[in-house]
Each structure stands twice: as C-alpha cells, then as structure tokens.
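Listed below, chain by chain, are the residues.
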Amino acid sequence: MKVSGTNIAEMLRQASASDFDEDESTRLATIKEAQRLINRLQHPTERCWELAFENWVILGALQTFIDLGIFERWRDAGGGLVSLENLCGLAKADIDPKLLVRLCRLLAAKDLIEEVAEEQYKPTTFSLALGDEDSLQAGWIQFGEIPYRLGCPENIGFWARCSSTPELQASFSAMMENWTRYKTHWTEYFDTSVLLSCDIDTSAPILVDVGGNRGHDISLFRSRHHAVIPAGSLVLQDRPEALALAEVDRDKIRVMPHDFLTPQLVRNARAYMFHAVFHDWTDEMSLVILKHTAAAMKPGYSRLLIVDVVLPPTGASAFQAGMDVTMMGLLSAKERTQRMWEELLSGAGFRILKIWRDPKRYESVIEAELGAPEEGARQI
Ligand SMILES: C[S@@+](CC[C@H](N)C(=O)[O-])C[C@H]1O[C@@H](n2cnc3c(N)ncnc32)[C@H](O)[C@@H]1O
C-alpha cells in the first residue's frame, strides 16, 4: 500500500511509547526503524553535521541549564509556560538573556524544550526529567560533556591554529567546500544579473569574494556569466593557507591573499561578497571588516553582499541554532537576527536594500549599499 508523505508524518507525530503496552522489543525495533527512516531521508552532509557538530553544542547548552539549576527550578515551579525573562529569573546565577535565548533556540530546535512563541517556552518530558534529581538523568549530560571542555591545547585562535596546522586547514577547507555545495547556492536565490545591470566601471572588478575559501561561490558566478565577464574582473581573497587549496579558473579569477582586518586594496568593485564570514566574528570585529570594505566602495555604485544566516523570530532550524552556539563556543561569535544585522550594518554606514531568502531556510543574501537607512524602509 502506498502511504502519502503527509500521512506518514501524521502517524509519526501521534505515536508514543505508551502505544507499545510495555512490549519492549517492539518499542526498540520501532526506534531502530525510525532511525533507519531518518538515515534514508537524510543527506550525508546532514548526517555529518549531526555527528561532528551537534552533540557538543547541545551538551554544552544542556549543561549550562543544569549548572544554573534552571531545569530543576522550572520543574519545582510547576513546569508551565515561561517567558525568557522568567527563565533567567529561575537561574541561580546571573545569566544574560541574550545568551540564554541562543541556548533556548537550539534546545527548541532539537525538541528538548518547546518554543511556543517568540521567547516563550514550555518544558518537555525530557527536560522535566533533567530537572528531577531523583531521575539521575542530569548525570549523563554532565559526564558526557567533560571531553568537550578541554578546548584548544595551544591556546591560540582558531584561524591561527588553521594557519599553523596544515591538516586542520585542509579538513576545514574541505568541510566548508562540502557545506557550501550542500547549501542552496547563493546564485539560485539572488538575482546575479543585478550586478551587471548598470554601467559597469571596467577599471574595477565586478565581484570580490572576501574570505572565499576555495572559490566555490565565485566560480558559480563565473559559470553563470562567463560570456560577459572580462579577465581580472573576479577576485577571490582569503588567507594564503586557504588560497593554496583554491580550485578556480585562474585565467578568469584573480586569486589574491588578503587579511580582511586590514584596509581593502581592491577599490570601487561593483560588489564585495562575504559568505559565512561575519558569523565568525563579534560585532566589534565585524565593524572593523565592514568599515575597511566601506572605505573601498564607490558610493551609489558598489554593493555589499552578505550571505549568512538571518535567524527567524521563532522556529530557527537545528542547523541555524546549532551553528549559532557552535560559533559561540569556537570563536565567541554568533548568528544574527534581522534586527542584529540592521544594527551592525548601519553602524558601519550601510543600508540594507533587500534580503533574498534561501528557499531551504538556512541562509539569506543581504544586499546593502553605502548610506543611511531610509525612514521606515523595512521592506525586506
Ligand atoms: C566560515 S569560512 C567561509 C568560507 C567561504 N566564504 C564559504 O562560505 O565557504 C570563513 C573564511 O574566512 C577566512 N578568513 C578568516 N580570517 C581571515 C582574515 N583575517 N582575512 C581573510 N580571510 C579570513 C577563512 O580562511 C575562511 O575561508
């Protein structure tokens, strides 16, 4: 019998452990089949993400809740609907709501707590169990999280570590390349012809991909518009160690080592693109990068293209929320909501023209130009 996808989803939604009348072997066999179903549905990149990235950030978020006594106090307070503010009030030490909301977003994306509305949460059976001292469940999390606390033995920053360890650089570049291939390509949901539909200044490049790693994104642009792009009008910039692994058509794409924390030397380009760059940096450091970019741009002509996550007000996916907490742990950095992007960009003298949304709901392209935001211009 052919069952529709919607019926399967509905059947799965309704199933619960009590359906098995204590028949343990059938319950365990069903878990196995459900896991196999996930394995069949998942893309290999999604599986790698779960194996390599997700566990440590989820454990870290759960551990923070346990350390702060939030699960325990939430349970003692009746386990009802609470606001973010009340959740902070349950903590036995001061916790910044801006941090707690990021952990809540991740736990909600993994069904460990429920996000009822923006900054409104309910516990789940699982989180109530973690708050129940007698259940001893919290001990699992505490024990499992220990190996992840060891941190970086050399005590240097992530990028310095990549530069000094070729194996780490190679695995990072390969992982980013795979991730970029998996994600909806920016050229699929951003109208790239926008960059060519004006009087092009032929003395300057059309597109500079800043922090472009192996050149995947700029090569997509090249393939789409190769017939009209003169040599030298596409520039790929990154750290030299990353560029050494670049695989691009060097006749058409100029490969140029550049530290984006220093002034941008390529001036007056039609567009400067940053894909998954700002999520690696704090607002303070992002402003440095943005201001160097702004100084190189031609007002009224140059565009800034930021391809990155724009966190939705509710219902962030496990990828989005997990990447946010990963960035916090790895680089003291973050993913941003639309409001956070608006504040960051206006602080560097940019106004957002349009946010182009990825249909897969992972990233967006934020198109901006130099200038103050127009009054009430939250079109986006
Ligand atoms: C998360 S990766 C994104 C790479 C690529 N844009 C993509 O989406 O696949 C961030 C990139 O920033 C580069 N990067 C880090 N620090 C840099 C710096 N100071 N100057 C230039 N590039 C830098 C890294 O080498 C890396 O390729």
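Cut-offs applied
Residues numbered from 1 in each chain as written. Predicted model: local features only at pLDDT ≥ 70, side-chain atom pairs only at ≥ 80, totals over all residues. Heavy atoms only, no water. 1 Å grid on protein atoms, 1.4 Å probe; cavity = no way out; pocket = protein on both sides within 12 Å on 5 of 7 lines; lining within 4 Å. Points joined across faces, edges and corners; volume = space filled by probe spheres on them. Helix = DSSP H or I, 4+ residues; strand = E, 2+ residues; numbered from the N terminus. Nonpolar A, V, L, I, M, F, W, Y, C, P; charged D, E, K, R; others polar. Domains from an automatic or database assignment. Phe/Tyr/Trp six-rings, centres within 6.5 Å; stacked < 30°, edge-to-face > 60°. Buried < 20%, exposed > 50% of the residue type's maximum accessible area, 1.4 Å probe, protein only. Axes fitted to C-alpha atoms, helices over the stretch in contact; angles between N-to-C directions. Parallel < 35°, antiparallel > 145°, perpendicular 65-115°, else oblique. Left-handed = near helix turned anticlockwise from the far one by under 90°. Contact = heavy atoms within 4.5 Å. Near = heavy atom within 4 Å. Polar contact = N/O pair within 3.5 Å; in protein donor to acceptor, adjacent residues only side chain to side chain. Areas by Shrake-Rupley, 256 points an atom, 1.4 Å probe, with all protein chains shown as cover. Buried area = accessible area lost by both parts, 1.4 Å probe. Salt bridge = Lys/Arg side-chain N within 4 Å of Asp/Glu carboxyl O.

Enquirer: Account for the layout of surface pockets, naming residues and giving values.
Expert: Quantified by volume, the second largest pocket comes out at close to 910 Å³. What lines the second largest pocket is a set of 18 residues, and nearest its centre among them are Gln35, Ile38, Glu50, Lys110 and Asp111. Those elements giving two or more residues to the lining of the second largest pocket turn out to be α2 (24-41), α3 (44-67) and α15 (318-331). Among the elements that line the lining of the second largest pocket, the one with the most residues is α3, at six residues. Class assignment for the residues of the lining of the second largest pocket results in eight nonpolar, four polar and six charged. No fewer than three residues from each of domain 1 (45-150) and domain 2 (167-370) sit in the lining of the second largest pocket.

Enquirer: Which residues make up the packing of aromatic side chains, and what values do they have?
Expert: Applying the stated rule across the entire model yields 18 aromatic pairs. With centroids separated by 5.0 Å and ring planes inclined at 35°, the aromatic side chains of phenylalanine 65 and phenylalanine 71 adopt a geometry described as tilted. Phenylalanine 71 matches phenylalanine 65 in its accessibility class, with the two residues each being buried. For the pair tryptophan 159 and phenylalanine 172, a centre-to-centre distance of 5.2 Å together with 80° between the ring planes defines the contact as edge-to-face. Taken together, the positions of tryptophan 159 in helix α9 (residues 158-164) and phenylalanine 172 in helix α10 (residues 166-182) put the pair 13 residues apart, joining distant regions of the chain.

Enquirer: Could you give an account of the packing of α3 against α15, naming the residues involved and the relevant values?
Expert: Running from N to C, α3 and α15 point in directions that differ by 50°, and their axes come no closer than 10 Å. Classed by the angle they form, the pair α3 and α15 counts as oblique. The two elements α3 and α15 cross, and the hand of that crossing is left-handed. In this structure, α3 uses Glu46, Trp49, Phe53, Glu54, Trp56 and Val57 to contact α15, whose residues at the interface are Ala318, Phe319, Gly322, Met323, Val325, Thr326, Gly329 and Leu330. Looking at the contact of α3 with α15 residue by residue, the classes come out as nine nonpolar, three polar and two charged.

Enquirer: With reference to specific residues and values, describe the site of the ligand.
Expert: Among the 18 residues in the neighbourhood of the ligand, the closest are listed as Gly211, Asp238, Arg239, Asp259 and His275. Take glycine 211: an N or O atom from its main chain is 2.7 Å from a nitrogen atom of the ligand. Alone, the ligand offers 590 Å² of accessible surface; in the complex the protein occludes 96% of this. A class-by-class count of the residues in the shell around the ligand yields seven nonpolar, six polar and five charged.

Enquirer: Outline the domain arrangement of the chain, supporting the account with residue identities and numerical values.
Expert: Frequently, the measure chosen for interface size is the accessible area that the parts lose on association. When the domains of the chain are assigned, the result is domain 1 (45-150) and domain 2 (167-370). Just the C-alpha atoms count here: the centres of domain 1 and domain 2 sit 33 Å apart. Contacts between domain 1 and domain 2 engage 17 residues on the former and 24 residues on the latter. Counting each side, the surface lost to burial between domain 1 and domain 2 is near 1,800 Å², with a carbon and sulfur contribution of 70%. Inspection of the domain 1/domain 2 interface yields two salt bridges. Among the ionic pairs, aspartate 324 bridges to arginine 105, the shortest N-O distance being 3.6 Å. If you look at where domain 1 meets domain 2, you find five residue pairs in polar contact (both at pLDDT 80 or more). Listed by contribution, the elements that provide at least two residues to the side of domain 1 that touches domain 2 are α3, α6 (97-109) and β2 (113-117). Top contributing element to the side of domain 1 that touches domain 2 by residue count: α3, with seven residues. When grouped by side-chain class, the residues that make up the side of domain 1 that touches domain 2 number nine nonpolar, one polar and seven charged.

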